[in-house]
Amino acid sequence: MTDMGSRTESPLPAPGVDMDDSRFRIRPYQQIMSSCSGALVTSLFMTPLDVVKTRLQTQQKLMISNKCYLYCNGLMDHLCPCGPNGTTFAKPKLHFTGTVDAFVKISHHEGVKSLWSGLSPTLVLALPTTVIYFVAYEQFRLRLKELYLRNRDKSTELPFWLPLIAGASARVMAVTIVNPLELIRTKMQSEKISYTEVGRGFRSMLRMQGILGLWNGYFPTILRDVPFSAIYWTTYETIKKQWNVTQPTFWFSFAGGAVSGGVAAFLTVPFDVVKTHQQIEFGEKFLYAENGEKLKPQRSAGTFETMRNVYVRNGIKGLFAGLTPRLVKVAPACAIMIASFEYGKNFFYNYNVVRYQARKEKDQNKLISTKKHTGVGY
């Protein structure tokens, strides 16, 4: 009688040995769930820092028309015509000398809740962006890895450019799809602006610039986000490789994400400044034109022209406006996001391993039962 126990299959790897094993790797829907949880937590904690960062950047922007701030939550800036003698119809524009000063003045003059203004549209933007970005990165990374190892030994060390290309490609995809939503978020700042007003502004923009107007700020966003993603993922994967970590813990991912995010954020601040300026310019030109005013075609300043103008007016300091809140925001944001995502990956990977083992045991028991009844192998 054949001993069923003598029949062996390829042993199952212990969880953490190879998270890219096709039998256990997390599925796209599991990647979506992992990235969504990270986006929710990150948006909740990081929105105040995003508010302060953008407020510091926008206060140096010279208005192209006689407009004053009625309300500004940092993510989106609500403008209105100035009153007589340059006075505003509402709160005066605040001037900030730094990050801490901005936190204090915004909280004092506009209330602590204003630091979370725009959270809803931020979530509307963050969720699809994060899902597209992280799922695309995982898919690009896996495909590039399989392509690279096709004619090589599976233990071959992966090159540094693999996460670089995967991260850059994923960001291009995410930015291209989500940029119109970000434009809406940047200018639709509170319930004080109706959807009718937003619609009127966008119709004016479409008449003037066509469908491509929906991608205002696309080029500086690409210049900022694609290098950021390339630097971030390359740094993060290098840290994992240096520490020989294949299944990172929550705290390892947190620390690695903070370091990687800080490095990438510092190197891309000037493009973040340009992006903010160009999207604010959209609001000045289209969203807050006087009723009945005939809009005349005006050439928008290009990315490097905007950068040069900022440098001429404010020097190198202007190109790095909002650096401190950007670093303070991006480093922990990246830490929270990647730690949450890796935690979700670990959870679903281990779940997939257990489910695979249970399925194999069930199939084996069914096979044994069948052979007992038929007498085959006994």
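Just above sits the structure.
Residues numbered from 1 in each chain as written. Predicted model: local features only at pLDDT ≥ 70, side-chain atom pairs only at ≥ 80, totals over all residues. Heavy atoms only, no water.

## Topic: unusual backbone geometry
Excluding glycine, residues mostly have negative phi values, and the peptide bonds linking residues are mostly trans. Formally: The helix and strand labels rest on DSSP assignments: H or I over at least four residues marks a helix, E over at least two residues marks a strand, and numbering proceeds from the N terminus. Whether a residue is buried, partly exposed or exposed follows from its accessible area with a 1.4 Å probe, protein chains only, as a fraction of its type maximum: under 20%, in between, or over 50%, in that order.
Positive phi, close to 55°, is recorded for N244, a residue that is not glycine. With respect to the helices and strands, N244 occurs in the loop between helix 6 (218–242) and helix 7 (250–287). You can call N244 exposed: its relative accessible area is 66%.

## What about the packing of aromatic side chains?
For clarity, the cut-off: Here the aromatic set is Phe, Tyr and Trp, taking the six-membered ring for Trp, and pairing holds for ring centres within 6.5 Å; pairs whose planes are under 30 degrees apart are stacked, those over 60 apart are edge-to-face, and all others are tilted.
In the structure shown here, the tally under the stated rule is 17 aromatic pairs. When the centroid spacing of 6.1 Å and the interplanar angle of 10° are considered together, the rings of F228 and Y232 count as stacked. Placement of the pair is F228 and Y232 together in helix 6, with a separation of 4 residues, close to one helical turn. Ring centres of F266 and F320 lie 5.9 Å apart, and the angle between their planes is 35°; on these two criteria the pair is classed as tilted.

## Brief notes about a nonpolar patch on the surface
Selection rule: In this analysis, a patch consists of residues with relative accessible area above 30% that form no salt bridge, clustered at 9 Å for like charges and at 5 Å for the nonpolar side chains Val, Leu, Ile, Met, Phe, Trp and Tyr. For accessible areas, the Shrake-Rupley method is used with a probe of radius 1.4 Å. Any residue's cover is judged against the shown protein chains and nothing else. Any carboxyl oxygen of Asp or Glu that lies within 4 Å of a side-chain nitrogen of Lys or Arg is treated as forming a salt bridge with it.
A cluster of nonpolar side chains, contributed by L40, V41, L44, F45, V112 and W116, occupies part of the molecular surface with about 550 Å² of accessible area. Inspection of the secondary structure assignment puts L44 in helix 1 (residues 28–58).

## Comments concerning the nonpolar core
Worth spelling out the cut-off: Throughout this description, the term nonpolar core refers to a set of buried Ala, Val, Leu, Ile, Met, Phe, Trp, Tyr and Cys residues connected via side-chain atoms within 4.5 Å. Throughout, a contact is declared for two residues whenever any of their heavy atoms are within 4.5 Å.
One finds Y133, F134, F228, Y232, W233 and I338 to be the most contacted residues of the largest nonpolar core, which totals 18 residues. For this core, the secondary-structure elements that each account for two or more residues are helix 3 (119–148), helix 4 (161–187), helix 6, helix 7 and helix 9 (323–374). In terms of residue count, the dominant contributor to this core is helix 9 (5 residues). Here W233 is in contact with Y133, F134, Y137, P163, G167 and I338, once residues within four sequence places are set aside. Of all hydrophobic cores here, the second largest spans 10 residues; its members include F271, V274, A321 and L323.

## Observations concerning helix 2 (residues 99–110)
Here is the rule: One less than the number of residues in a helix, times 1.5 Å, gives the span that helix is expected to have. Of all possible arcs, the one meant is that of the directions from the helix axis to the C-beta atoms.
The first and last C-alpha atoms of helix 2 sit 16 Å apart over 12 residues, in line with the 16 Å expected at 1.5 Å per residue. For helix 2, the complete set of buried residues consists of T99, A102 and I106. Down the axis of helix 2, the smallest arc covering the buried residues is 50°, so these residues share one side. Across from the buried face of helix 2, at angles greater than 90 degrees, the exposed residues are V100, V104 and H108.

## Topic: the environment of L327
Of note, L327 is situated in helix 9. Taking the C-alpha atoms as reference points, L327 and F266, 61 residues apart in sequence, are found 6.8 Å from one another. Other than its neighbours up to four places away in sequence, L327 contacts G262, A265, F266 and P332.

## Section: the pattern of salt bridges
Scanning all chains against the criterion turns up 12 salt bridges. For E157, the salt bridge identified is with K241, shortest N-O distance 3.8 Å. A residue pair is termed long-range when its members are at least 10 positions apart, and E157 in the loop between helix 3 and helix 4 and K241 in helix 6 qualify at 84 residues. On the basis of relative accessible area, E157 is assigned to the exposed category, the value being 59%. The residue D272 makes a salt bridge to R326 at a minimum N-O spacing of 3.8 Å.

## With respect to the packing of helix 6 against helix 9
How we decide: To get an axis, a line is fitted to the C-alpha atoms, and for a helix only the part in contact is used. The angle between two axes follows their N-to-C directions and goes from 0 to 180 degrees. An angle counts as roughly parallel when it lies under 35 degrees, as roughly antiparallel when it exceeds 145, as roughly perpendicular when it falls between 65 and 115, and as oblique in every other case. Note on convention: near helix rotated counterclockwise from far helix by under a right angle means a left-handed crossing. Clockwise means right-handed. Three classes are used, and their members are as follows: Ala, Val, Leu, Ile, Met, Phe, Trp, Tyr, Cys and Pro are nonpolar, Asp, Glu, Lys and Arg are charged, and the others, Gly among them, are polar.
Viewed as axis vectors pointing N to C, helix 6 and helix 9 meet at an angle of 55°, and their least axial separation amounts to 13 Å. With respect to their mutual orientation, helix 6 and helix 9 come out oblique. Crossing of helix 6 against helix 9: the hand is right-handed. Contacts between helix 6 and helix 9 involve R224, F228, Y232, W233, Y236 and K240 from the former and R326, V330, C334, I338 and E342 from the latter. Residues of the contact of helix 6 with helix 9, tallied by class, amount to 7 nonpolar, no polar and 4 charged.

## So, the side chain of R326
In this structure, R326 sits in helix 9. Accessibility expressed as a relative area gives 6% for R326, which makes it buried. Beyond its immediate stretch of four places on either side in the chain, R326 contacts K53, R224, F228, A265, T268, V269, D272 and A331.

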